[in-house]
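Coordinate inspection notes
What follows is the residue order along each chain.
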Amino acid sequence: MKRPLEGIRVLDLTQAYSGPFCTMNLADHGAEVIKIETPEKGDQTRGWGPMENGYSGYYAYINRNKKGITLNLKSEEGKQIFTELLKTADVVCENYKVGVLERLGFSYEKMKEINPRIIYGSISGFGLTGDLAPRPAYDIVAQAMSGMMSVTGFSDGPPCKIGPSVGDNYTGAYLCMGVLMALYEREKTGVGRRIDVAMMDTLFSVMENFVVEYTIAGKTPHRAGNQDPSIAPFDSFRAKDGEFVMGCGTDKMYGALCGAMGKEELASDPRFLTNLARCENYGELKPMIEAWTTTKTVKELEEIISGLSIPFGEILNIPQAAEHPQTKERNMMWDVYQPGMERTIRIPGTPIKIHGETDEPQKAAPLLGEDNVNIFGALGYDADAVAALASKGVI
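One structure accompanies this document, and this report is about it. Note that this is a predicted model, so its numbers are computed, not measured. (Residues numbered from 1 in each chain as written. Predicted model: local features only at pLDDT ≥ 70, side-chain atom pairs only at ≥ 80, totals over all residues. Heavy atoms only, no water.)

1. Points about the side chain of Glu94
Position of Glu94 relative to the elements: it lies in strand 6 (residues 91-94). For Glu94, which is buried and forms no salt bridge, the nearest opposite charge comes from Arg194, at a distance of 4.6 Å. A polar contact is formed between the side chain of Glu94 and the side chain of Ser122, at a distance of 2.6 Å. Residue contacts for Glu94: discarding those within four places in its chain leaves Leu13, Thr14, Leu101, Tyr120, Gly121, Ser122 and Ile123. (Helix = DSSP H or I, 4+ residues; strand = E, 2+ residues; numbered from the N terminus. Buried < 20%, exposed > 50% of the residue type's maximum accessible area, 1.4 Å probe, protein only. Lys, Arg positive; Asp, Glu negative; His and termini not counted. Salt bridge = Lys/Arg side-chain N within 4 Å of Asp/Glu carboxyl O. Polar contact = N/O pair within 3.5 Å; in protein donor to acceptor, adjacent residues only side chain to side chain. Contact = heavy atoms within 4.5 Å.)

Laid out in structure tokens, this is it:
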């Protein structure tokens, strides 16, 4: 069965993480993604660890299933080649600082003149408008300025960055959604769209209850560790031999937990009778729960609590998560032979499981300029012309 995005060509001018995360998801499901890199240097992530034989595992993961060419967009010949590629493309994605493509002569208006069907998607730190638009950003800046760091960590500690770069991958996912929406609309109108996704906007949009706690309740949310600010008990807890998390999202779940603890009276205690009351008096409730959980192992608690249909999870480290039976059952680790490393590596697979679609990598990440001959050959450049472009530094 064909992949859903087969026949869609994406010109991928992105680098680092946010943009490549978007185009990786498009490539995973059949789009022909042509990664365009700077001659000789390539994407900055080619130097990001872990490294093996001078090749980046980070780059290999985030650029699987893509083709790769090099092109100097500052050269006139490079601009001409990009113009010819635009005529063949459905989508252009980039995450340069705002204004870079415009200065190179490729504004959205110019792209529309070349190809009215083109969909042009951008990721930036702060969007295309406002005083901050020209500023560069990495994930940590978006986490700081969206308010996310202010509510992450424990109350007696400093603001804390979330471990993975959620400002990058979540923004990449939003751009991917925007591209798919624009492709759907183009089926009806025949015309492309400009898509503008900002990292700060993205993280602000996923702040969940924290923003409405301010706008509706007039509160300034604070750091509370692993405790959910709106549900209790919904937290991490100590066991005899480790730690785990659970969440009682309803009064029924909380009542079942009280029964399992042999503390039925806590279910009718006025301090804990409703979810709101439990949140307000959580400082008293948690020690009572841990007085019970610390008498049992994580596995014993998993059997008891999961048996009550209360969401439960052991806190796993990365090796444990990667080798977990559920990770294997869901085929969330892919094996791919990676040129450069000259061996098969294991990388996270796609979480988007489309029934009938083969759930495996189509190809490894490209070596720098790996597809120059084929891509430029399709534009009419023979082997001698490609060699001449290379000698002049255009590719």
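More follows now that the structure is in view.
2. So, the packing of aromatic side chains
All chains considered together, the criterion is met by nine aromatic pairs. Summarising the aromatic geometry, the rings of Tyr108 and Tyr120 are spaced 6.3 Å apart at their centres and angled 45° between planes, so their arrangement reads as tilted. Remark: Tyr120 occurs in strand 7 (residues 119-124) and Tyr108 occurs in helix 5 (residues 108-114); sequence separation between them is twelve residues. Here Tyr108 matches Tyr120 in class, with each residue buried. Clustering of aromatic rings is evident, with ring pairs tying together Tyr17, Phe21, Trp48 and Tyr58. Above the face of the Tyr254 ring, Arg278 is positioned so that its terminal group lies 4.4 Å from the ring centre. (Phe/Tyr/Trp six-rings, centres within 6.5 Å; stacked < 30°, edge-to-face > 60°. Lys NZ or Arg CZ within 6 Å of the ring centre and 35° of its normal.)

3. Some words on the environment of Ala224
Note that Ala224 resides in the loop between helix 9 (209-215) and strand 9 (234-238). Of the residues examined, Ala224 reaches a relative accessible area of 28% and is grouped as partly exposed. Each C-alpha atom of the pair Ala224 and Ser155 lies 5.4 Å from the other, and the pair is 69 residues apart in sequence.

4. Some words on the nonpolar core
By size, the foremost hydrophobic cluster in this structure holds 27 residues, and its most contacted members are Leu11, Leu71, Phe82, Leu86 and Met111. When residues of this core are traced back to their parent elements, those giving at least two are strand 2 (32-37), helix 3 (76-88), helix 5, helix 17 (372-378) and helix 18 (383-391). Per element, the largest residue contribution to this core is four residues, and it comes from helix 3. Beyond its immediate sequence surroundings of up to four residues, Leu86 is in contact with Leu11, Val92, Phe106, Met111, Ile114, Asn115 and Ile118. In terms of nonpolar packing, the next biggest core, distinct from the first, is built from 26 residues, Val33, Met148, Val166 and Met199 among them. (Core = buried A, V, L, I, M, F, W, Y, C linked by side-chain atoms within 4.5 Å.)

5. Focus: the pattern of salt bridges
Under the criterion given, the structure shown has 27 salt bridges. Of the charged contacts, one joins Glu32 and Lys67 as a salt bridge, the two residues approaching to 2.8 Å between their closest N and O atoms. With Glu32 in strand 2 and Lys67 in strand 5 (residues 67-70), this pair connects stretches of sequence that are 35 residues apart. Judged by its relative accessible area of 22%, Glu32 is partly exposed. As a salt-bridge pair, Lys161 and Asp139 come within 3.8 Å of each other at their nearest N and O atoms. Here the residue Lys161 occupies a position in the loop between helix 6 (139-145) and helix 7 (166-189), and Asp139 occupies one in helix 6, the gap between them amounting to 22 residues. Of the residues examined, Lys161 reaches a relative accessible area of 29% and is grouped as partly exposed. The buried category is assigned to Asp139, whose relative accessible area is 3%. Three or more residues joined by partner-sharing salt bridges are found here, namely Arg9, Glu32 and Lys67.

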